[in-house]
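# Breakdown of the fold
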Amino acid sequence: MTDATTVSHTFSLLAPYNDAAVLIGSWDGWREHPMEKGEDRVFRVALDLPEGTHRYRLRVVSKSWFFPGEWREIADPWARDIAPDAVEGAEGKTDCAVIVVRDGIVGFPGDNYHWEHDDVPLPPNDMLVIYELHVGDFTGGDGDDGNGRYDDVIAKLPYLADLGITAVELMPVQETAGDYWGYLPKYFYAPETAYGDPGDLKRLIDACHGKGIRVILDQVTNHAGSECPLAHIDHDYWFYHETTDQFQYGPKFNYEFHDDERNEYPARAYMLGALQQWVGAYHVDGIRFDATGIMGNMAFLREASEAIWNKEGGLKPFIRIAEHLPLDPAVVENDGPMDAAWFVDFAHQLASTVVGQPLDGHDPESWDGLIEALDPRRAGFTSSQHLVRYIASHDEERLLYRIREAGIEGEEALRRMHFAVTLLLTGYGYPMLYAGEEFGIDTPRVVGENNLPWSRLETPEGSGLHDHYRHLIRFRREHLALRGETLDIMHQDPEARVVAYHRWDEGGDRVVTVANCSATDQGGYTVAAWPTDGPWRDILTDDVIEAHDLTLTATLGPWQTRVFIRDSGHEND
């Protein structure tokens, strides 16, 4: 510190094989400050900064094969906050990194946020009911006056808590360059400014915790957007020269490259730092790793998993989820690096079954495919806590849209939707909802702005479907049998397309789901090998039916599901 109004701060840039770098900033009219490379191959310059909020950029002689020897002006790839506005004195792209000098300390916007709900107990993993949402789309649609920002999500938390949601999974919130969904990140350490500032995101996460709702962040670790500044500094130092798979999302991180001069894997170090920052600074309760299958690097996944686990410190419930396609149980089984994986086969097979058409490589007539979707152990999974099951996500068309596209309308469409929801919420694995499905959104998938039409919640169809979700979610939360490891496909009738499965716990809690997987009315249908005799209540209709001689007979209409528990006073017999 040189006097009472300035603070000395050292700016740095890792660019080991670049020839020169310069810093410019708003505090002195964007004057150039040459940076010097140290023996560790990091460029640095120390400056005296006044109190206030400042913006800065870097100029570097590129090593990238498409800009060889050119001066490129970029924002700091390690920036914790980005100002994407036009800035006087900045050329070309106008993103700037943001730092704050406050009370003699150099920090970042939002780093002085005071957490209010860190002491609130959060639901353990077995209680997870996940709700995937896009911050920009979640509010601002028909029937809602929000603006698609972090604060607008906070306003909806009472709704989510009432629905029974215990974890929100936010689609990527890293700063991007025009990619609305966030799957082409530009800055991996900074939150998306279109939704608010870093303090706003922390306030959203804190508010979720105050409602007993965990927050899972969807993190892109396979690739970056083409405008990522790392690609402009030295593309092949961070990324493969060319992508190594058929997917052309953007520059693909090279987690195999080892810099012998610095004795580190640079791409791994960069991404591990980003992940630890999100876990530590933002207090999140889980990470969903995007596209781990095409990443093809279990060693990095294990290192990343251990790094964020160590950062979190085991002080609260935490989960690491993989989107691993094609599906491979090895990512979670036998000491695999992740806790759980998206079980995409459930969504695809169920959609094919319900719509009655081949979809996503699945056959609507495949009874074995349907049974495997209901019992993932047949696909090699050994625990219900290794799976996240859903009927739609951002990657699929919404199920109700698919049903109606197949020409199925009216009550028939809703019956099939209720059927699928019941299998989701009484089944084996963590259930996940895609925002808006619970009130019947049936619009096509749009990879871009598509705000939820909240007015549908006020329609008879939307409110009825919402009540079905809410009832089953509460039922799941109240019954240990649905959150444990037990599952017995106790009845299969491929000809009639009826299946029944039994779930229970050691305390005597028993739940039996019977499903007619067809449009044929089965009338009074008898299920043998029933768990126990006595009265059983269907929680969807409140009908009480007596089981005799370990058989139960119940009406079973087209696409009807019945969920039975022992009647009150007999549940622990």
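This one's a predicted model, so the numbers in the text were calculated from it and none came from an experiment.

### Looking at the sheet that holds strand β21 (residues 498–504)
The strand order across the open sheet formed by six strands is β20-β21-β22-β27-β24-β25, and the pairing between neighbours is antiparallel. A strand with exactly one partner marks an edge of an open sheet, and here the two such strands are β20 (488–493) and β25 (544–547). Strand-to-strand twist in this sheet, taken as the mean axis angle between neighbours without regard to direction, amounts to 25°. Alignment of strand β24 (residues 534–538) against strand β27 (residues 561–566), held across three bridges, turns out to be antiparallel. Across the sheet, arginine 537 pairs through a bridge with isoleucine 565, a residue of β27.

### Things to note about the nonpolar core
Tyr131, Leu170, Phe253 and Ile391 are the most contacted members of the largest nonpolar core, which has 115 residues in total. Setting aside chain neighbours within four positions, we find isoleucine 391 in contact with Phe346, Ala347, Leu350, Leu399, Met417, Ala420, Val421, Leu424, Glu437 and Tyr469.

### A short note on the environment of aspartate 521
For aspartate 521, the position within the fold is in the loop between β22 (510–516) and β23 (524–528). Here the alpha-carbon distance between aspartate 521 and phenylalanine 66, two residues 455 residues apart in the chain, equals 65 Å. Filtering out sequence-adjacent residues up to four positions away, aspartate 521 remains in contact with Leu556, Gly557 and Pro558. Separated by 2.7 Å, the side chain of aspartate 521 and the backbone nitrogen of glycine 523 make a polar contact.

### Considering empty space enclosed by the protein
The final tally for this structure, using the stated rule, is four cavities of 30 Å³ or more. Volume-wise, the largest cavity comes out at about 60 Å³. Of all the secondary-structure elements, those providing two or more residues to the lining of the largest cavity are β23, β26 (551–555) and β27. A total of three residues in the lining of the largest cavity trace back to one element, the largest contributor, which is β26. Looking at the lining of the largest cavity, its residues break down into seven nonpolar, one polar and one charged.

### Re the packing of helix α11 (residues 410–425) against helix α12 (residues 460–478)
Where α11 contacts α12, the axes come no closer than 10 Å and their chain directions differ by 20°. By the criterion of interaxial angle, the relationship of α11 to α12 is roughly parallel. The way α11 lies across α12 gives a crossing that is right-handed. Across the interface between the two elements, Leu414, Met417, His418, Val421, Thr422, Leu424 and Leu425 from α11 touch Glu461, Gly464, Leu465, His468, Tyr469, Leu472, Ile473 and Arg476 from α12. Split into classes, the residues belonging to the contact of α11 with α12 amount to nine nonpolar, four polar and two charged.

### Brief notes about the pairing of strand β18 (residues 387–390)
Side-chain alternation along β18 places Leu387 and Arg389 on one buried face and Val388 and Tyr390 on a second face that is also buried. Two strands pair when backbone bridges link them, and strand β17 (residues 340–342) and β18 are joined in this way by two bridges, in the parallel orientation. From the neighbouring strand, alanine 341 faces β18, where its bridge partner is leucine 387. Where β18 and strand β19 (residues 430–434) come together, three bridges link them in parallel fashion. Considered in β19, the bridge of tyrosine 390 is made with methionine 432.

### Details of helix α3 (residues 198–210)
With 13 residues, α3 extends 18 Å between its outermost C-alpha atoms, agreeing within 8% with the 18 Å of an ideal straight helix rising 1.5 Å per residue. Along α3, the residues classified as buried are Pro198, Gly199, Asp200, Leu201, Lys202, Leu204, Ile205, Asp206, Ala207, Cys208 and His209. Of the surrounding secondary structure, the elements contacted by the buried residues of α3 are α2 (150–163), β11 (167–170), β13 (185–191), β14 (214–220) and α5 (266–282). The backbone nitrogen of glycine 199 has a side-chain oxygen 3.0 Å away, supplied by the residue at the start of α3, namely aspartate 197. Looking at the residues trailing α3, positive phi occurs at glycine 212, about 75°.

### Thoughts on the packing of aromatic side chains
Overall, the coordinates contain 31 aromatic pairs when judged by the stated rule. Look at tryptophan 78 and tryptophan 238: their rings are 6.0 Å apart centre to centre, the planes differ by 70°, and that puts the pair in the edge-to-face class. With tryptophan 78 in the loop between β6 (71–74) and β7 (82–83) and tryptophan 238 in helix α4 (residues 229–238), this residue pair connects regions lying 160 residues apart in the sequence. Look at tryptophan 78 and you get partly exposed, because its relative accessible area is 23%. One aromatic cluster is present, built from ring pairs that chain together Tyr17, Trp78, Phe188, Tyr189, Tyr237, Trp238, Phe239, Phe253, Tyr255, Phe257, Tyr270 and Phe300.

Calculation notes
Residues numbered from 1 in each chain as written. Predicted model: local features only at pLDDT ≥ 70, side-chain atom pairs only at ≥ 80, totals over all residues. Heavy atoms only, no water. Pairing = 2+ DSSP bridges. Helix = DSSP H or I, 4+ residues; strand = E, 2+ residues; numbered from the N terminus. Axes fitted to C-alpha atoms, helices over the stretch in contact; angles between N-to-C directions. Core = buried A, V, L, I, M, F, W, Y, C linked by side-chain atoms within 4.5 Å. Buried < 20%, exposed > 50% of the residue type's maximum accessible area, 1.4 Å probe, protein only. Contact = heavy atoms within 4.5 Å. Polar contact = N/O pair within 3.5 Å; in protein donor to acceptor, adjacent residues only side chain to side chain. 1 Å grid on protein atoms, 1.4 Å probe; cavity = no way out; pocket = protein on both sides within 12 Å on 5 of 7 lines; lining within 4 Å. Points joined across faces, edges and corners; volume = space filled by probe spheres on them. Nonpolar A, V, L, I, M, F, W, Y, C, P; charged D, E, K, R; others polar. Parallel < 35°, antiparallel > 145°, perpendicular 65-115°, else oblique. Left-handed = near helix turned anticlockwise from the far one by under 90°. Expected span 1.5 Å × (residues − 1). Phe/Tyr/Trp six-rings, centres within 6.5 Å; stacked < 30°, edge-to-face > 60°.

Distances and angles like these do not, on their own, reveal function.
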